[in-house]
Amino acid sequence: MKFIFLGPPGAGKGTLAAKVAELYNIPHISTGEIFRAAIKAQTPLGKKVQAIIDAGSLVSDDITIELVRERLAKDDACRGFILDGFPRTIPQAEALAGIVPVDAVVNFDIADEGVVERLSGRRVCRGCGQNYHVSFMPPAKEGFCDSCGSELYTRDDDKIDAIRHRLEVYREQTAPLIDYYREKNLLVDIDARPATPVILQEFSAKFPQK
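1. Quick word on the packing of helix α4 (residues 61-72) against helix α5 (residues 90-97)
It is the contact of α4 with α5, at a shortest axis distance of 11 Å, that shows an interaxial angle of 35 degrees. For the pair α4 and α5, the crossing hand works out as right-handed. The residues of α5 that touch α4, namely those facing Asp61, Ile65, Val68 and Leu72, are Pro91, Gln92, Ala95 and Leu96. For the contact of α4 with α5, a count of residues per class yields 6 nonpolar, 1 polar and 1 charged.

Below you can see the structure in the form of C-alpha cells.
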C-alpha cells in the first residue's frame, strides 16, 4: 500500500506512521529522513542539500521532488510506503503523481483546540529529554523528571501563541492539498482524537493488508 499521511502538528501522525510502517512492513518516509539519508550517502543531490542547509536556505521544490524520486526507487519502497511531510503543495502533489500512483491520502483530523491541549501540556526534561504531559502523562513530582530528577520545561514552539501560528500556517498550506486529493477520491479522513491503539484499529479496518 502506498500512503500519504496528512495532519496538523500534534495529531499524532508520526506515532501512527511508525506503527503502520511496522504493521504493514513498509518504510515511513519523511522529508527530513530523505534529506538526512541523501546527505549521509553524499549523493550528488545530497551534497546540494547539504550546501543549501549550511547556507540557511530552504530546499527548493525541484530538489525535494528529485530526492523523493530517488528515495522511492529504493528496494524497500517497492511494496509500498508512507510519505510524511511530502507533498506540501499542489505542484509537489502533481509532481508526485508523475513519479508513482498512491493508494490513499490519509488525513488525520483533529480540531485546533485538541491540538492546543495536546501540545501546550507537553513538558520536556532539561536533563534527559524525556517527554511528559500535564494531563495525559504527568510526572510523579510536578515539574520534575521521574528518570533523572531534572527540571521540566515548556518548549518555545509548545507555547500557545506559537501553536496557534503553526496551525494557521498548516491550515493555509494544507487545505488546498486536502481539497485536491478529495476531488481525486483519494482522501480518507480518520479521527485523530482517540488513543493510538484505537486509531490504528480504525486504520487497519479501512486498509486491510493485502
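2. What to know about the nonpolar core
Counting residues in each nonpolar core, the largest one holds 32 residues, and the members touching the most others are Leu96 and Tyr181. Broken down by secondary-structure element, the contributors of at least two residues to this core are β1 (2-6), α2 (31-41), α3 (44-54), α4, β3 (81-84), α5 and α7 (160-183). Non-local contacts of Leu96, meaning those with residues more than four positions away in its chain, are made with Ile4, Val68, Leu72, Leu83, Phe86, Pro87, Val102 and Tyr181. In this structure, Phe3, Ile26, Val106 and Leu200 belong to the second largest nonpolar core, which totals 26 residues.

3. What about the environment of Ser57?
Positionally, Ser57 belongs in the loop between α3 and α4. Once the C-alpha coordinates of Ser57 and Arg166 are considered, the two residues, 109 residues apart in sequence, prove to be 20 Å apart.

4. A word on the environment of Ile199
Mapped onto the fold, Ile199 is located in helix α8 (residues 196-206). Measuring from C-alpha to C-alpha, the distance between Ile199 and Glu22 comes to 15 Å, with 177 residues separating the pair along the chain. Each residue touching Ile199, except ones within four places of it in the same chain, is listed here: Leu16, Phe108, Ile190, Asp191, Ala192 and Pro194.

5. Some remarks on the sheet that holds strand β7 (residues 152-153)
One open sheet holds the 3 strands; their spatial order is β6-β5-β7, and the pairing between them is antiparallel. Edge positions in the sheet fall to β6 (131-133) and β7, since each has one partner strand and no second. Along the sheet face, helix α6 (residues 112-120) touches β5 (122-125) and β6 and points at about 25 degrees away from the line of β5.

6. Notes on the side chain of His133
Position of His133 relative to the elements: it lies in strand β6. A relative accessible area of 8% places His133 in the buried class. There is a polar contact of 3.2 Å between the side chain of His133 and the backbone oxygen of Glu117. Of note is the side chain of His133, whose polar atom sits 2.9 Å from the backbone oxygen of Arg118. In this view, His133 contacts Glu117, Arg118, Gly121, Arg122 and Pro138; residues no more than four positions away in its chain are not counted.

7. Some points on the packing of α6 against α7
For any two helices packed against each other, one specifies the inter-axial angle together with the distance between the axes. Between α6 and α7, the least distance of the axes is 10 Å, while the angle of their chain directions is 135 degrees. By the angle between their axes, α6 is oblique relative to α7. Judged by the twist between their axes, the crossing of α6 over α7 is right-handed. Only Ile160, Ile163, Arg164, Arg166, Leu167 and Arg171 of α7 make contact with α6, whose side of the interface consists of Asp112, Glu113, Val115, Val116, Leu119 and Ser120. Split by residue class, the contact of α6 with α7 holds 6 nonpolar, 1 polar and 5 charged.

8. Some remarks on the pairing of β3
Along β3, one buried face is formed by Phe81 and Leu83 and the opposite face, lined by Ile82 and Asp84, is buried too. One ladder, built from 4 bridges, connects β1 with β3; its direction is parallel. Bridging across to β3, Phe5 finds its partner in Asp84. Across 3 bridges, the pairing between strand β2 (residues 28-30) and β3 is parallel. Residue pairing for β3: Ser30 is matched across the bridge by Asp84.

9. Quick notes on the state of the cysteines
In total, this model carries 0 disulfides according to the counting rule given. Note on Cys145: no disulfide assigned, nearest cysteine sulfur contributed by Cys128 at a separation of 3.7 Å.

Conventions and cut-offs
- In every chain, residue numbers begin from 1 and rise along the written sequence.
- This being a predicted model, a pLDDT of at least 70 is required before a residue's local features are given, and a value of 80 or more before pairs of side-chain atoms are given or counted; all residues contribute to the totals for chains, interfaces and linings.
- The basis for every side-chain value is the complete set of non-hydrogen atoms in the structure, without hydrogens or water.
- To get an axis, a line is fitted to the C-alpha atoms, and for a helix only the part in contact is used. The angle between two axes follows their N-to-C directions and goes from 0 to 180 degrees.
- Where helices and strands are cited, they refer to DSSP runs of H or I of at least four residues and of E of at least two residues respectively, numbered from the N terminus.
- Note: crossing handedness is left-handed where the near helix turns anticlockwise from the far helix by less than a right angle, and right-handed where it turns clockwise.
- Here, two residues are considered to be in contact whenever any of their heavy atoms come within 4.5 Å of each other.
- Polarity classes work like this: nonpolar for Ala, Val, Leu, Ile, Met, Phe, Trp, Tyr, Cys and Pro, charged for Asp, Glu, Lys and Arg, and polar for all others, with Gly in that last group.
- Each nonpolar core is a collection of buried residues, namely Ala, Val, Leu, Ile, Met, Phe, Trp, Tyr and Cys, held together in the definition by side-chain atoms within 4.5 Å.
- Exposed residues in this analysis have more than 50% of their type's maximum accessible area, buried residues have under 20%, and partly exposed residues fall in between, with area computed by a 1.4 Å probe over protein chains only.
- Criterion used throughout: strands pair if DSSP finds at least two bridges between them.
- Here a polar contact means two N or O atoms within 3.5 Å. Within protein one must be a hydrogen donor candidate and the other an acceptor candidate, and residues neighboring in sequence count only if both atoms are side-chain atoms.
- Here the word oblique covers every angle except those under 35 degrees (roughly parallel), over 145 (roughly antiparallel) and from 65 to 115 (roughly perpendicular).
- The disulfide definition used here is simple: a pair of cysteine sulfur atoms within 2.5 Å.

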